[in-house]
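# Results of the structural survey
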Amino acid sequence: MTAVVDYNSGNVRSVMNALSRLGADAVLTADPDQIRRADRVIFPGVGAAASAMAELEKRGLTEVLREYERPFLGICLGMQLMNSFSEEGNVSLLGITPEHVRLFDRAAGDKIPHVGWNEIQVSDDPLFKGIADGTWFYFVHSYYAEASERTIASCSYAGVTFSAAIRKDNFCGVQFHPEKSGGAGALLLKNFLEVK
């Protein structure tokens, strides 16, 4: 069973619909015990980092997520919250990875937020099996996770190359929305569902 984390941060309907189309056994839940028992976790999110972290604390989910030991996928804000600190509200995050989440520089001349399709460069990671360099995914964000040795896919916007996807052990995260990225996004979700 795949647990999709419910913490009142954005519309999860499109994630649940995408999983349903793939035939996944998925449940939307905020129950810490159900999340602990799940075969895998998807941690979606849209919104502000500070209020999202406050909601995770309120629901008793921060330690549950940090300590999860099976396949884990953060999406958009969910990926950002996996890092250590965000400039959005100057808030400490889950700290699964040490990187910071930064605001795009408006002086670079590109529109902020970064909304729409952009191409990514991928590494040889199981999450991107069958997905080529230059594949386009759908983004909606004003903040980005710094590129690091945990970057498994990158994207460039507003004068910076940032982490489009990260991995640390069982934890993966993607800045883009696979559930809104057509066939490539469906393939990425399928790859995640097949990870043991």
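In this report, we go over the structure that sits alongside the text.

About the thresholds
- Residues numbered from 1 in each chain as written.
- Predicted model: local features only at pLDDT ≥ 70, side-chain atom pairs only at ≥ 80, totals over all residues.
- Heavy atoms only, no water.
- Salt bridge = Lys/Arg side-chain N within 4 Å of Asp/Glu carboxyl O.
- Helix = DSSP H or I, 4+ residues; strand = E, 2+ residues; numbered from the N terminus.
- Buried < 20%, exposed > 50% of the residue type's maximum accessible area, 1.4 Å probe, protein only.
- Pairing = 2+ DSSP bridges.
- Right-handed = clockwise from strand over helix to strand, strands pointing away.

Turning to the pattern of salt bridges, a few remarks are in order. Where charged atoms from two side chains of opposite charge come close, those side chains can pair. Following the criterion strictly, the structure yields 10 salt bridges and no others. Here aspartate 33 ties to arginine 36 by a salt bridge, and the two come within 2.8 Å at their closest N and O atoms. Linking aspartate 33 with arginine 36, this pair stays in helix H2 (residues 32-37), spanning three residues, or about one helical turn. Arginine 36 gets classed as partly exposed once you look at its relative accessible area, which sits at 44%. One salt bridge in this structure joins glutamate 99 and arginine 150, with 2.5 Å as the shortest N-O distance. Separated by 51 residues along the polypeptide, glutamate 99 in the loop between strand E6 (91-92) and strand E7 (100-103) and arginine 150 in the loop between strand E11 (143-145) and strand E12 (151-157) bring together distant segments of the chain. When its relative accessible area of 16% is taken as the criterion, arginine 150 is described as buried.

Quick look at unusual backbone geometry now. Look at the link from isoleucine 112 to proline 113: it is a cis peptide, with omega at 10°. Of note, asparagine 8 is a non-glycine position whose phi angle comes to about 60°, a positive value. Assignment of secondary structure puts asparagine 8 in the loop between strand E1 (2-5) and helix H1 (13-21). Non-glycine residue asparagine 90 carries a positive phi angle of around 45°. Considering the arrangement of structural elements, one finds asparagine 90 in the loop between strand E5 (85-86) and E6. For asparagine 90, a relative accessible area of 58% corresponds to the exposed category.

On to the pairing of strand E2 (residues 26-29), then. For E1 and E2, the ladder comprises four bridges, and the chain directions are parallel. Residue valine 4 lies in a different strand from E2, and its bridge partner there is leucine 28. Taken together, E1, H1 and E2 constitute a β-α-β crossover, and its handedness is right-handed.

So, to be careful, I would describe these as geometric facts and stop short of saying anything about function.
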